[in-house]
Amino acid sequence: MKLFIVSLLFTACCAVPMDLSGKMFVFPVESATARVQLLPAESNFTSATVCFRYFSDLTRNYGLFSMASSASDNDFLVFKSAEVGRFDVFTRGQVARFDGIPSEQNTWYSMCITWDGNSKLVQLWTNGSPSTKKAGFKGNLNGRPFIVLGQEQDSVGGGFDAGQSFVGMVGDVHMWNYVLSVCEIQAFASDLNFTPGNVINWKALEFISTGEVVLDHKLNACYRGQS
């Protein structure tokens, strides 16, 4: 088992693309170091969609997806507030606040966030259900993106605060350089066939894991036949 873990860490550090279907990243402790850097296939975005699934028992603030660049520490940030039902989505430092979003502890959620740089509209989808649309950044997200799971960046690749770190499980992370259609978002939420991300693809993920992060098997429900 120890040999397998060492081998896995070596592979992760080398950022060899891996098919993580049926797996998830576990962040088991509050930390200012544990993180997973995702290596994107694209940069310079006029629009974007980010989707993932997550599970946590946290009641404080924490970051779920953090993309920084030389232009902004919060180029594309999905941030859960300590306020019940509140999520903040930052695009190039401009915040769109969403209230009344389902966020019970110890529950799996599928979340997608869309941003259109022409209309500047941001929308958050939870388990296939949409929020209202809010105003974000208008323009292009140019510059080299630095994407992190598990931490919220206050500088590119750093400035981490344990009090804003993610503790829980996250998986099925995808990112596209366009606004995903309603049908595609709902297919993702229902775990049906959908077009994998062309910026970040969970089925061919390039990543670098640092600190106490465990790559584990995804939890699936078990069904027993009736006698």
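Residues numbered from 1 in each chain as written. Predicted model: local features only at pLDDT ≥ 70, side-chain atom pairs only at ≥ 80, totals over all residues. Heavy atoms only, no water.

Observations regarding the state of the cysteines
Disulfide: a covalent bond formed between the sulfur atoms of two cysteine residues.
Right, on to step 1. All chains considered together, the criterion is met by one disulfide.
Right, on to step 2. A sulfur-sulfur separation of 2.0 Å characterises the disulfide bridge that pairs Cys 51 with Cys 112. Every disulfide takes its handedness from the sign of the S-S torsion; for Cys 51 and Cys 112 that torsion is 115 degrees, giving right-handed. Taken as a pair, Cys 51 in strand S3 (residues 47-55) and Cys 112 in strand S8 (residues 109-116) lie far apart in primary sequence, 61 residues in all. (Disulfide = S-S within 2.5 Å. Helix = DSSP H or I, 4+ residues; strand = E, 2+ residues; numbered from the N terminus.)

What about unusual backbone geometry?
Right, on to step 1. Even without a glycine there, the phi angle at Asn 106 is positive, about 55 degrees.
Right, on to step 2. In this structure, Asn 106 sits in the loop between strand S7 (94-98) and S8.
Right, on to step 3. For Asn 106, a relative accessible area of 48% corresponds to the partly exposed category.
Right, on to step 4. Phi is positive for Asp 172, close to 50 degrees, though the residue is something other than glycine. (Buried < 20%, exposed > 50% of the residue type's maximum accessible area, 1.4 Å probe, protein only.)

Thoughts on the sheet that holds strand S6 (residues 87-91)
Right, on to step 1. The seven strands lie next to each other as S7-S6-S5-S4-S12-S2-S14, forming an open sheet whose pairing is antiparallel. Of all the strands in the sheet, the pair left with one neighbour each is S7 and strand S14 (207-210). If you compare each strand with its neighbour and ignore which way they point, the axes differ by 20 degrees on average.
Right, on to step 2. Pairing of strand S2 (residues 35-38) with S14 involves four bridges; the strand directions are antiparallel. The residue of S14 that forms the bridge with Gln 37 is Ile 208. (Pairing = 2+ DSSP bridges. Axes fitted to C-alpha atoms, helices over the stretch in contact; angles between N-to-C directions.)

Quick notes on the pairing of strand S13 (residues 168-176)
Both faces of the sheet carry side chains from a regular strand, because those side chains alternate between them.
Right, on to step 1. Most of S13 is tucked away, with nine of its nine residues classed as buried.
Right, on to step 2. Sheet topology places strand S1 (residues 23-27) next to S13; three bridges connect them, and they run antiparallel. Note on S13: the bridge partner recorded for Val 26 is Met 169.
Right, on to step 3. With six bridges connecting them, S3 and S13 associate as antiparallel partners. Paired with Val 50 across the bridge in S13 is Met 175.

Focus on the side chain of Ser 47
Right, on to step 1. Within the secondary structure, Ser 47 is located in strand S3.
Right, on to step 2. Aside from chain neighbours lying at most four places away, what touches Ser 47 is Trp 115, Asp 116, Gly 117, Trp 176, Asn 177, Tyr 178 and Val 179. (Contact = heavy atoms within 4.5 Å.)

Thoughts on the packing of aromatic side chains
Right, on to step 1. Using the criterion set out here, one finds 10 aromatic pairs in the structure.
Right, on to step 2. When the ring of Phe 52 is compared with that of Tyr 54, the centres are 6.1 Å apart and the planes differ by 55 degrees; the resulting orientation is tilted. Like Phe 52, the residue Tyr 54 is buried in the burial classification.
Right, on to step 3. Three or more aromatic residues link up through ring pairs in this structure, and these residues are Phe 25, Trp 202 and Phe 207.
Right, on to step 4. For Arg 53, the ring lying beneath its charged end belongs to Phe 188, and the centroid distance is 4.0 Å.
Right, on to step 5. Its end group placed over the ring of Phe 87, Lys 80 keeps NZ or CZ at 5.5 Å from the ring centre. (Phe/Tyr/Trp six-rings, centres within 6.5 Å; stacked < 30°, edge-to-face > 60°. Lys NZ or Arg CZ within 6 Å of the ring centre and 35° of its normal.)

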